[in-house]
Amino acid sequence: MGSGLGDAVELDTKPPHSIDDADWHGDLSVDQISDGRFELHKPPFSPSTSFMVWDGGGTPELAQCQEAAAARGATQVPTVETGAVLCVRTTEGRAARLTVQKVDAKAASVTFNAVVWESA
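Residues numbered from 1 in each chain as written. Predicted model: local features only at pLDDT ≥ 70, side-chain atom pairs only at ≥ 80, totals over all residues. Heavy atoms only, no water.

*Asks:* Hey, could you go over the overall build of the protein chain for me, with residue numbers and the actual values?
*Replies:* Secondary structure assignment for the protein chain yields one helix and ten strands. In the protein chain, which comprises 120 residues, the proportion classed as buried is 42%. Put simply, 46% of the contacts in the protein chain that link residues at least 6 apart link residues at least 24 apart. Here the protein chain has roughly 5,900 Å² of accessible surface; of this, 48% comes from carbon and sulfur atoms. (Helix = DSSP H or I, 4+ residues; strand = E, 2+ residues; numbered from the N terminus. Buried < 20%, exposed > 50% of the residue type's maximum accessible area, 1.4 Å probe, protein only. Contact = heavy atoms within 4.5 Å. Areas by Shrake-Rupley, 256 points an atom, 1.4 Å probe, with all protein chains shown as cover.)

Below, the structure written as structure tokens:
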């Protein structure tokens, strides 16, 4: 899944995809894409989204991502780098794990590997 400068990422669709920032109802928005890093924030009209950069070591699974996004979730992360793992609570209450695969400043895009779990 790729997302361009200022685009939003919608994780509650199958498959997850990037949407034009005119929609502004996605789960995450990427901005300020530069060499190997970008800024991540909640789109303005997505009140229930939260996320955090995973720092617990290893690859988080469902329960770990649910807990991390709920307990320590933020609405903005100023610097996210290639290889970072994010735990997300989507606008529809799902948990997701995003791994940053590629940050391409020239193409103004970020590519994620996404795992989105169904709501319990």
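*Asks:* Could you give me a rundown of the pattern of salt bridges, with the residues and numbers involved?
*Replies:* Throughout the structure, instances matching the rule amount to six salt bridges. In this structure, Asp 12 engages Arg 94 in a salt bridge whose closest nitrogen and oxygen atoms are separated by 3.0 Å. Placement of the pair is Asp 12 in the loop between β2 (8–10) and β3 (17–19) and Arg 94 in the loop between β8 (85–89) and β9 (95–104), with a sequence separation of 82 residues. Pair check on accessibility: Asp 12 and Arg 94 agree, each one buried. Salt-bridge contacts for Arg 97 lead to Glu 61; the nearest nitrogen and oxygen are separated by 3.7 Å. Of this pair, Arg 97 sits in strand β9 while Glu 61 is found in the loop between β6 (50–53) and α1 (62–72), placing the two residues 36 residues apart along the sequence. (Salt bridge = Lys/Arg side-chain N within 4 Å of Asp/Glu carboxyl O.)

*Asks:* Any details on the environment of Gly 93? Residues and values, ideally.
*Replies:* The topology assignment puts Gly 93 in the loop between β8 and β9. With 43 residues separating them in the primary sequence, Gly 93 and Ser 50 have C-alpha atoms 9.8 Å apart.

*Asks:* Give me the lowdown on the state of the cysteines, citing residues and values where you can.
*Replies:* The full count for this structure, using the stated rule, is one disulfide. One disulfide in the model links Cys 65 with Cys 87; its S-S distance is 2.2 Å. One disulfide, between Cys 65 and Cys 87, carries an S-S torsion of -60 degrees and so falls in the left-handed class. Of this pair, Cys 65 sits in helix α1 while Cys 87 sits in strand β8, and the two are 22 residues apart along the sequence. (Disulfide = S-S within 2.5 Å.)

*Asks:* Give me the packing of aromatic side chains: which residues, what numbers.
*Replies:* Per the stated rule, a full pass over the model turns up one aromatic pair. Ring centres 6.0 Å apart and planes at 85 degrees place the aromatic pair Phe 38 and Phe 112 in the edge-to-face group. Here Phe 112 lies in strand β10 (residues 109–117) and Phe 38 lies in strand β5 (residues 37–41), a separation of 74 residues in the sequence. Like Phe 112, Phe 38 is buried. (Phe/Tyr/Trp six-rings, centres within 6.5 Å; stacked < 30°, edge-to-face > 60°.)

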